[in-house]
Structure formats: structure tokens, C-alpha cells
Amino acid sequence: NSTNKIINFENNNINFCSNHPSSNQPQNSQSNEIDNIKQSKYDLTLAPKITRFYERKQEIEYLSNWILNQNTPLISVLGLSGIGKSTLVKRFVDLNLKEFEVIIWKSLKFPKSLDLLVKDVLITCQEKITANIDDKLTLLFDVLSDKKCLIIIDDVQNIFASGELVGQYQNIYKDYQNFFKMITEVEHHSNIILISQEQCAEMHYEELYLIKSLELSGLNKINILKNTGLKDENSWLSLINLYEGNPMYLQDIAILIQDVFDGNVAEFLAENSTTDMLPVVTNKMRSHFNYLFNRLSPIEQQIILALSKINQPISREKLRQDLDLSSIDLINGLQSLQQRYLVTKIKTDKILFKLAAVFQEYMRNCY
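*Asks:* How do you make sense of the sheet that holds strand β8 (residues 211-215) when you look at a structure like this?
*Replies:* Whenever strands of a sheet pair, they do so through backbone hydrogen bonds, lying parallel or antiparallel. The parallel open sheet is built from six strands, whose spatial order is β3-β5-β6-β7-β4-β8. Sheet topology places β3 (41-43) and β8 at the edges, where each strand pairs with a single neighbour. When the angles between neighbouring strand axes are averaged without regard to direction, this sheet yields 15 degrees. Both β3 and strand β5 (residues 102-107) contribute to a ladder of three bridges, which runs parallel. Bridge pairing in β5 places D43 opposite I104. Contacts from helix α6 (residues 175-185) reach β4 (74-78), β6 (149-154), β7 (191-196) and β8, with the element oriented near 130 degrees to β4.

What follows is the structure in C-alpha cells.
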């Protein structure tokens, strides 16, 4: 239980130390620090454990500025699964524990009603629970106003509907939409971070509401492959680029390279060497991509299937010629796929679109 411990940070790792007075720290000073921590209410049970943290210095600075300087009430951290969203937010939390009286990390990996989520938060805050959801929300916003709170809600995409365009709430979770709006409209001193693989409508209007969005892309430094046991360090950057700097893909492919190529990255790349080098899609990646594809609307699936057959970025006009879709369906589908981080927009003399490379290879193999 982190509320009873002093926390030190060394080499990007979290070390939990016993709270017995040390010989090189004044006992009164340490006692005060312990009292402050005990008075704080932390629930980080569902937060990820960080073993290594690389790069993302600028992203940490963005979060620090938005939360600690601008006091932005609602922030979304967005990007593909495995890109490092939860790890980034956890790192920010670890660096700023003393800035908050309440820190609560909740996950919607297994979705729950807003009523249950608010109840869980209030229990952590040791507040009396009422039966009515409106009363619970009133009490929650009293807490958010009275204390400096940081509440993280992870896996928000799971309250959105499958088979629809991005960010459409399932009927049983539509009250989350009003809750997220309330966070920006009701005056309080606290901050809520939403972590999601998909954008929702509340994340689009930064100019109108007190909202900030941070979209994470892949990493491109070879040190993210340190301690993986891989050989041929001069080939690592090619491997990272092939898998778009996604830590989850790279971790999975590193295991495959260890198992089949004895850690030889150059040999793995040579085995796969073609004019356009294509990524190997592992069984774990395929399972993940099956899930993503099945979440798409029929319009998005049509667009994805067309893009998967094209090796080069393509214009909207040319794509429409290949599809039996109205102009508005194509426009909405392309926007939705960008907000799922499966399609990238490229700005040249013309606006072009392309499918994420690893996902494209999955589509070619499976469809």
C-alpha cells in the first residue's frame, strides 16, 4: 500500500522503501512527509508496473504543463494499443505524487456502469455512499472541488460500440458522455485523464472546452530494444522502423527473433528481405488485429480492405473510385479510421492516406 511508504525514484524505476527514519534525514522532516502521504488517498492498484521507461520527455512536459500549470480538467491520452499510453501516464503519476491529495487509477478493461465507477472512487476517498447516482455525482464533484485530485480512467474505448464509427457510446454507457462534459463544465480543482485507443466526441473540441489531447506515436530510438537479448545492434533501427516504433509489437517480435533466430536481428531481416520489406505478423499480433478489425463499422472495413491492396499512399478521390461508397460515407470513414490510429494522413501537394504498415500486412495475410 503506497500510502504507507516513502517512494524514491532511481534510474526510472520505482523503489518502495520502509518508512523507518534514516540516519541522514531529520526524523521530524521524515515524519511530516510520512504524515502527508498517509493523509493522501492513493489507489494505483490497476496502474501498470513500470520496469523501463524510455523517451517521452516532451510528452511528460506536456502533461506537467497542462495539469500542474494550466490545471486543465480533462485530458485524453490517445494512440494504438501497445504504444505506451498507460506507461506514460503512470510515469507522470510517479513523478508527481506529492502534487495531489487523491490519486485514483480506474480501468474500463471490463466495462462497468458510471454508477459503479463513481461509487468505487468515493469509497477510495472514504466518503459515505448514497443510492442515487445524482447524489453520488454531487458528492464526487464536492471532493474534486475540495481536494486536488487526479483520476485516471484507462481503456475508455471499451465503452464504445463495435460495428459503429469511432467513439459511439454503447447505450448502457451513454451517461459517461454527460459525465465527461460535466468535468469540463463544473468548476473544481482536479484533473481527469482518459486513456483510450479511440477518440470520443468530447476529445475533439479543445477550443470550446477545457480539454487537451495527447496523441502518441511510435518510438524511434534503439535503446527501447536494450535488455531484450537481441544481437546486431546496428540492425535495431531497421527493426524499430519496420514495426513503427510500437513497444508492444517490438516486444513480441523480439521474442520471435530469440526463439527462431537466436536473437539475430540481421538474419531475421535478411529472411524477410524484399524490395519493400514487410513485417512478420505474429500470432499474438494477429489476435489483436482480429479484435480491432471486428470493432470497425462496415464502411471502415470496406476502406481498410481497399487500402490493404495498395502499396502506396492514395488520394481520397482515387480511393472513392475503387469503392462503392458515397462521398460522405468515405469522408466519415476516413476520419473515423484516423481517430482509431489505423490510417495516417500524409500532406503533400495532395492529401493522401495510408494504412498502418503492420496492420496492412495482417490484412493482406488474412483477407
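There is more to say after this.
*Asks:* In this structure, what is going on with unusual backbone geometry? I would like to understand it.
*Replies:* The general pattern is negative phi for most residues beyond glycine and trans for most peptide bonds. Positioned with a positive phi, N227 is a non-glycine residue whose angle comes to about 65 degrees. For N227, the position within the fold is in the loop between β8 and α7 (236-242). With phi around 65 degrees, Y341 is a residue other than glycine that occupies positive phi space. Within the secondary structure, Y341 is located in the loop between α13 (327-338) and β10 (343-347). The exposure class of Y341 is buried, given its relative accessible area of 16%.

*Asks:* Please explain helix α4 (residues 114-124) as it appears in this structure.
*Replies:* Looking at α4, one finds that the buried residues are L114, L117, V118, V121, L122 and T124. For α4, the buried positions fall inside an angular range of 160 degrees around the axis, keeping them on one side. If you follow the buried residues of α4, they end up packed against β3, β5, α5 (133-146), β6 and α6. One or two positions beyond α4, positive phi appears at Q126, with a value near 60 degrees.

*Asks:* Can you help me understand the side chain of E361 in this one?
*Replies:* Secondary-structure assignment places E361 in helix α14 (residues 357-366). When neighbours within four sequence positions are excluded, E361 is seen to be in contact with L278, P279 and V281.

*Asks:* Please clarify how the pattern of salt bridges should be interpreted in this entry.
*Replies:* Side chains carrying opposite charge are able to pair once their charged atoms draw close together. As enumerated under the stated definition, the model contains 13 salt bridges in all. Between D94 and K90 there is a salt bridge whose closest N-O contact spans 2.9 Å. Of the two residues, D94 and K90 are both situated in helix α3 (residues 85-95); the distance of four residues between them amounts to about one turn of the helix. D94 sits in the buried class, given a relative accessible area of 4%. Through salt bridges that share partners, E198, R295, E300 and R340 make up one connected network.

*Asks:* What's the story with the packing of aromatic side chains in this structure? I'm lost.
*Replies:* To describe a pair of aromatic rings, one takes the distance between the centres and the angle between the planes. Scanning all chains against the criterion turns up 13 aromatic pairs. Here F289 and F359 contribute two aromatic rings whose centre-to-centre distance is 5.3 Å and whose plane-to-plane angle is 80 degrees, an arrangement assigned as edge-to-face. With a gap of 70 residues between them, F289 in helix α10 (residues 283-295) and F359 in helix α14 connect regions that are remote in the sequence. Aromatic ring contacts, followed pair by pair, group Y249, F289, F293, F359, Y362 and Y367 into a single cluster.

*Asks:* Hey, could you run me through the packing of helix α11 (residues 298-308) against α14 in this one?
*Replies:* Axis angle and axis distance: for two packed helices, these are the angle between their axes and the distance between the axes, and together they describe the pair. Following both chains from N to C, one finds α11 and α14 inclined at 90 degrees, their axes separated by 9 Å at the closest point. Judged by the angle between their axes, α11 and α14 are roughly perpendicular. On the side of α11, the interface is formed by I304, L305, L307 and S308, while α14 contributes F359, Q360, M363 and R364. Classifying every residue of the contact of α11 with α14 gives five nonpolar, two polar and one charged.

*Asks:* I would appreciate a short explanation of the state of the cysteines in the present structure.
*Replies:* Here the structure, examined in full by the defined rule, presents zero disulfides. Note on C125: no disulfide assigned, nearest cysteine sulfur contributed by C149 at a separation of 5.6 Å. On the accessibility criterion, C125 (4% relative accessible area) is buried.

*Asks:* Sorry if this is basic, but what is going on with the sheet that holds strand β11 (residues 351-355) here?
*Replies:* Pairing is antiparallel in the open sheet, where three strands are placed in the order β9-β11-β10. Two strands lie at the open edges of the sheet, namely β9 (314-315) and β10, each paired on one side alone. When β10 meets β11, the two strands line up antiparallel, connected through five bridges. The residue of β11 that forms the bridge with K347 is I351.

*Asks:* What is the right way to look at the nonpolar core in this model?
*Replies:* Here is a general trend for soluble globular proteins: nonpolar side chains tend to be buried in one another's company. By size, the foremost hydrophobic cluster in this structure holds 47 residues, and its most contacted members are L239, Y243, F289, I303, I304, L319 and F359. Put simply, the parts of the chain that give this core at least two residues each are α7, α8 (247-261), α9 (265-271), α10, α11, α13, β11 and α14. The element best represented in this core is α8, accounting for six residues. Contacts of F289, omitting those with residues within four sequence positions, involve Y249, V281, V358, F359 and Y362. In this structure, L114, V121, C125 and C200 belong to the second largest nonpolar core, which totals 32 residues.

Thresholds, definitions, all that
- Per chain, the residues get numbers from 1 upward, laid out in the order the sequence is written.
- Two thresholds apply to this predicted model, a pLDDT of at least 70 for residue-level local features and 80 or more for giving and counting side-chain atom pairs, whereas whole-chain, interface and lining totals are computed over all residues.
- As a convention, hydrogens and water are excluded, and side-chain values are obtained from all of the structure's heavy atoms.
- Paired strands, as defined in this entry, are two strands with at least two bridges between them according to DSSP.
- Secondary structure counts use DSSP, requiring at least four H or I residues in a row for a helix and at least two E residues in a row for a strand, with both numbered from the N terminus.
- To define axes, lines are fitted to C-alpha atoms, for helices over the stretch in contact only, and angles between the resulting N-to-C directions are given on a 0 to 180 degree scale.
- Contacts are residue-level and defined by heavy atoms, with any inter-residue pair within 4.5 Å sufficient.
- We call a residue buried when its accessible area falls under 20% of the maximum for its residue type, exposed when it is over 50%, and partly exposed in between, using a 1.4 Å probe and counting protein chains only.
- Arc definition: it is the arc formed by the directions from the helix axis to the C-beta atoms.
- Take a side-chain nitrogen of Lys or Arg and a carboxyl oxygen of Asp or Glu: if they are within 4 Å of each other, that pair is a salt bridge.
- For Phe, Tyr and Trp, where Trp contributes only its six-membered ring, two rings pair if their centres lie within 6.5 Å, and the inter-plane angle classes them as stacked under 30 degrees, edge-to-face over 60, or tilted in between.
- Note on terminology: angles under 35 degrees are roughly parallel, angles over 145 are roughly antiparallel, angles of 65 to 115 are roughly perpendicular, and the others are oblique.
- Residue polarity follows a fixed list, in which Ala, Val, Leu, Ile, Met, Phe, Trp, Tyr, Cys and Pro are nonpolar, Asp, Glu, Lys and Arg are charged, and the others, Gly among them, are polar.
- Disulfide assignment relies on a single distance test, namely cysteine sulfur atoms paired within 2.5 Å.
- In these notes, a set of buried Ala, Val, Leu, Ile, Met, Phe, Trp, Tyr and Cys residues joined through side-chain atoms within 4.5 Å is what counts as a nonpolar core.

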